Amino acid sequence: MDAVLSAALPPVQHPSGDQVSKTTHKMSDINANIAEAPAAASEGGQGTVRDYFALLKPRVMSLVIFTAFVGLIAAPGTIHPWLGFVALLAIAVGAGASGALNMWYDADIDAMMKRTAKRPVPRGAITPSEALGFGTTLAIGSVLVLGLLVNWLAGALLAFTIFFYIAIYTMWLKRLTPQNIVIGGAAGAFPPMVGWVSVTGSIDLGSIALFLIIFMWTPPHFWALALWKKINADYTNAGVPMLPVVSGPDETRRQILIYTLILVPITLLPALTGTVGLFYTLANAGLGVMFIWHAWRVFSIREGAEAEAACKKLFGFSTLWLFIVFALILVERALGMPLFQPVIG
């Protein structure tokens, strides 16, 4: 396994001096543009409810809520429905806080990428200070509510999740290394663990297995997106060292295949912890074969429109794949299907 992981983690490559200089000038220009936003917007208070809702990154939040809910349902033990609702609400608000703080800090590079230029902060609808205040308030409130009303380990884990996403990923890794997604992906993998801990009050192997599924899913999912020509151009223009920008498309395709081959057996870990049963295991095995097939197509088709299409299909399939994998756990619980006896944990 050490050899496989070593192959999966290429050495960090840093942009050249010219690239850094160009990026610095671009960021200086965009900071000037943000500073020159309409006077009304710069005074604050101009953002609409829709703008503030956009700060929460609702599409990301929906995935966080779903995986946290699965963690809450899959955990051994019971929780009062009201406390379960409070836990999910706090996790959702914490995820929204992370999104708002991310948009506050990344306003400069967001403005340089077509995909993100219309977000509330770079277009001047919400000022950076407003986004910072909004995100900080939500972050503190969500942690306190989860800690006071559910349990403090869950609250501490939510606080660490927010800290990891903002300080470790957004402020540090994202602009430093092409391994930003690999390490930073941990932030998106914590929600099912937080849901689990909300029930049990402890971290065990069952929650870690759910964490590892999302953690290993993140790189092939987002690298498939980063290989799209227009997305790759955005990252290049903003100076974000995503793997395709630094190491090239061919190396990225190789990494996608490696991580997929590691991911598929990891999805069977919940069977060893007694979290799932035969239905999940068999269905997930078939889904894993399909994931590998899509990753192989991305690896083997490297030129022209067909290569771009393969990347888009992998990105779309991987999104659906994660939803189905976690939904299978819910189906087993809802239908009362028998679970395996734990082999580990």
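Values in this document were obtained by computation on a predicted structure and should not be read as measured data.

1. Some points on the nonpolar core
Looking at soluble globular proteins, one finds that nonpolar side chains tend to be buried together. Core analysis: the biggest nonpolar cluster contains 88 residues, and L146, W223, W321 and F326 have the highest contact counts within it. Counting residues per element, this core draws most heavily on helix α19 (residues 304-334), which supplies twelve residues. Look past the residues within four positions of W223 in its chain and what remains in contact with it is P178, I181, V182, M242, L243, T252, Q255, I256 and Y259.

2. A word on the confidence of the model for the chain
Chain-level pLDDT for the chain is 89 on average; 87% of the residues reach the 70-or-more range. Model confidence for the chain, summarised as mean pLDDT per element, is weakest for helix α1 (residues 2-8) at 41 and strongest for helix α12 (residues 191-200) at 98. Note on residues 1-42: pLDDT is under 50 here. Beyond four places in sequence and across chains, it has 46 contacts.

3. Focus: the packing of aromatic side chains
On inspection of all chains with the given rule, the structure shows 17 aromatic pairs. With a centroid separation of 5.1 Å and an interplanar angle of 90°, the aromatic rings of F291 and W321 are classed as edge-to-face. Taken together, the residues F291 in helix α18 (residues 278-300) and W321 in helix α19 connect sequence positions 30 residues apart. What makes W321 buried here is its relative accessible area of 0%. These aromatic residues form a ring-pair network of at least three members: F160, F163, F164, F190, F211 and F215. The ring centre of W228 lies 5.4 Å from the NZ or CZ of K312, which sits over that ring.

Cut-offs and rules
Residues numbered from 1 in each chain as written. Predicted model: local features only at pLDDT ≥ 70, side-chain atom pairs only at ≥ 80, totals over all residues. Heavy atoms only, no water. Core = buried A, V, L, I, M, F, W, Y, C linked by side-chain atoms within 4.5 Å. Buried < 20%, exposed > 50% of the residue type's maximum accessible area, 1.4 Å probe, protein only. Helix = DSSP H or I, 4+ residues; strand = E, 2+ residues; numbered from the N terminus. Contact = heavy atoms within 4.5 Å. pLDDT = per-residue confidence, 0-100. Phe/Tyr/Trp six-rings, centres within 6.5 Å; stacked < 30°, edge-to-face > 60°. Lys NZ or Arg CZ within 6 Å of the ring centre and 35° of its normal.

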